[in-house]
Amino acid sequence: MSQKLAINGGTPVRDTSVKPWPSVGNASGRMLGEEELANLRQVIESGSLNRYGGAMMVKQFEEAFAERMGVRHACAVTSGTAALHTAVGALRLEVGDEIITTTVTDMGTMIAILMQNCIPVCVDVDRRTMLMDTANIEEAITDRTRAIIVVHLFGQPVPMDEVMQIADKYGLYVIEDSAQAHDAQWDDKKVGTIGHLGCFSLQQSKQITTGDGGIVITNDDELADHVRLFSDKYYDRTGANRGVMRLGVNYRMTELQGAVALAQVRKMDAIIGNRRRTAGMLRERLAAIEGIIPPYVHPRATHSWWIFSFQIDQQKLGCTTAEFARALSAEGLPFGTGYAGGIPICCYPALKEHKAYGSGNFPWEPPYGRDVQYREEDYPETMWAQANTLVMSWNEGLTEDDVEDLARGVQKVADYFGSRA
Ligand SMILES: Cc1ncc(COP(=O)(O)O)c(C=O)c1O
């Protein structure tokens, strides 16, 4: 006998007014504490809040992050968007050059491309994971394509050997948008270290956080110079060049952010370890429930669980994903459907209507660039996955007890619909 669903007047699995979920939005789901406070105290007492003085927290953070990733260079900036913009800026592309990327990402990926007056060309995703389907990349390449930005969505890597093979064949740069995927791996390689440049976000919800913040990594000495210069107004602090050689921005991380970032990077084993342990437990539990499709993780991928996602077998359960989601929500489970508005990101008006700047269509117009169109119907897998993927923001504060509630809730709803099907 299935239990009465909360949506039909039954008792919810979790009364969130009594037992709220730990959240990345506050201390309950974050590992912020004495270590961050001690570093901040040092910065404040030094009186130097800019990265070029005092306690050198930003520099220490960059060194610690580079060491952890096993790369030669790391440059801390003010956000994940800033990291991506800096990475694109460091490539020194022409106006109207094209960058291939995915339909499912944060607007930051698009901003980085458009702010350098380049044109995003989005390819459809793998419906199981919502990751860019690498089989679609080659047909999107034109004589204006210069780079690929892969997005390791939800903490899961894109199959990077396929991406790198295509990039090598066509001479393209690869930027890894690892904003959601700190410490995720493809085989034994950490994401962000496989392409030419890797970008991370330290925004409030990310695996490690400074509220807002970001970092760019690379093993390429020349790109590293341009990353440093671009994000620091192209001021050459080595003194080798007099005056500013190109156009840059000021994305310098402050010592206040650096103090927190340094403490956070030292906690990454614990933070990501917790996320992996609890997500692994839930994945196992969901795999045992009739009609539930647990998150697909490629056998060569190591996930770092920014978002936990799963799908349902609608035929077996005799319900739609939207109905299932509504029932879960009434049980007190914090699952929603889709990501970033539920549509391909390139179908946001700014892109679809070519309204990046002023009232013209720049850069999607001659003589600058191509009139690339973005239509929902060109991305059927994205449309399906956005409507049929259940997502929950994951965090390091979740416990075995929370996993138990999540598994019980999904089981209850699946049993109910399954028994009627
Ligand atoms: C995939 C992806 N790219 C870029 C960004 C932009 O990062 P930020 O919000 O730190 O600017 C985010 C942030 O959510 C993201 O998830």
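Check the entry above for the structure.
Residues numbered from 1 in each chain as written. Predicted model: local features only at pLDDT ≥ 70, side-chain atom pairs only at ≥ 80, totals over all residues. Heavy atoms only, no water.

1. With respect to the sheet that holds strand β1 (residues 73–77)
Right, so step 1: Strands sit in the order β1-β9-β8-β5-β4-β2-β3 across an open sheet of seven strands; the sheet is mixed. Looking at strand neighbours, the two that pair on one side only are β1 and β3 (119–123), the edges of this open sheet. Across this sheet, the average inter-strand angle for adjacent strands is 20 degrees, counted without regard to direction.
Right, so step 2: In the sheet, β1 pairs with strand β9 (residues 214–218) via five bridges, with the strands oriented antiparallel. (Pairing = 2+ DSSP bridges. Helix = DSSP H or I, 4+ residues; strand = E, 2+ residues; numbered from the N terminus. Axes fitted to C-alpha atoms, helices over the stretch in contact; angles between N-to-C directions.)

2. Things to note about a nonpolar patch on the surface
Right, so step 1: Taken together, the side chains of I44, L49 and L256 present a nonpolar region at the surface, about 240 Å² in accessible area.
Right, so step 2: Locating I44 in the fold gives a position in helix α1 (residues 34–46). (Patch = residues over 30% accessible without salt bridge, like charges linked within 9 Å, V, L, I, M, F, W, Y side chains within 5 Å. Areas by Shrake-Rupley, 256 points an atom, 1.4 Å probe, with all protein chains shown as cover. Salt bridge = Lys/Arg side-chain N within 4 Å of Asp/Glu carboxyl O.)

3. Details of helix α9 (residues 268–287)
Right, so step 1: Taking 1.5 Å of rise per residue, the 20 residues of α9 would be expected to cover 28 Å, and the 28 Å separating its terminal C-alpha atoms lies within 8% of that figure.
Right, so step 2: Residues of α9 that are buried in the fold lie against α2 (57–69), α8 (255–265), β10 (292–293), β12 (307–312) and α14 (400–420). (Expected span 1.5 Å × (residues − 1). Contact = heavy atoms within 4.5 Å.)

4. A few points about the site of the ligand
Right, so step 1: Taken together, 15 residues are adjacent to the ligand, and T81, D177, Q180, S201 and K206 come closest.
Right, so step 2: Take G80: an N or O atom from its main chain is 2.7 Å from an oxygen atom of the ligand.
Right, so step 3: For the ligand, an oxygen atom lies 2.7 Å from a polar atom in the side chain of K206.
Right, so step 4: Expressed as a share of its isolated accessible area of 380 Å², the protein-covered part of the ligand is 91%.
Right, so step 5: A total of three residues in the shell around the ligand trace back to one element, the largest contributor, which is helix α3 (residues 80–90).
Right, so step 6: Residues of the shell around the ligand, tallied by class, amount to four nonpolar, eight polar and three charged. (Near = heavy atom within 4 Å. Polar contact = N/O pair within 3.5 Å; in protein donor to acceptor, adjacent residues only side chain to side chain. Nonpolar A, V, L, I, M, F, W, Y, C, P; charged D, E, K, R; others polar.)

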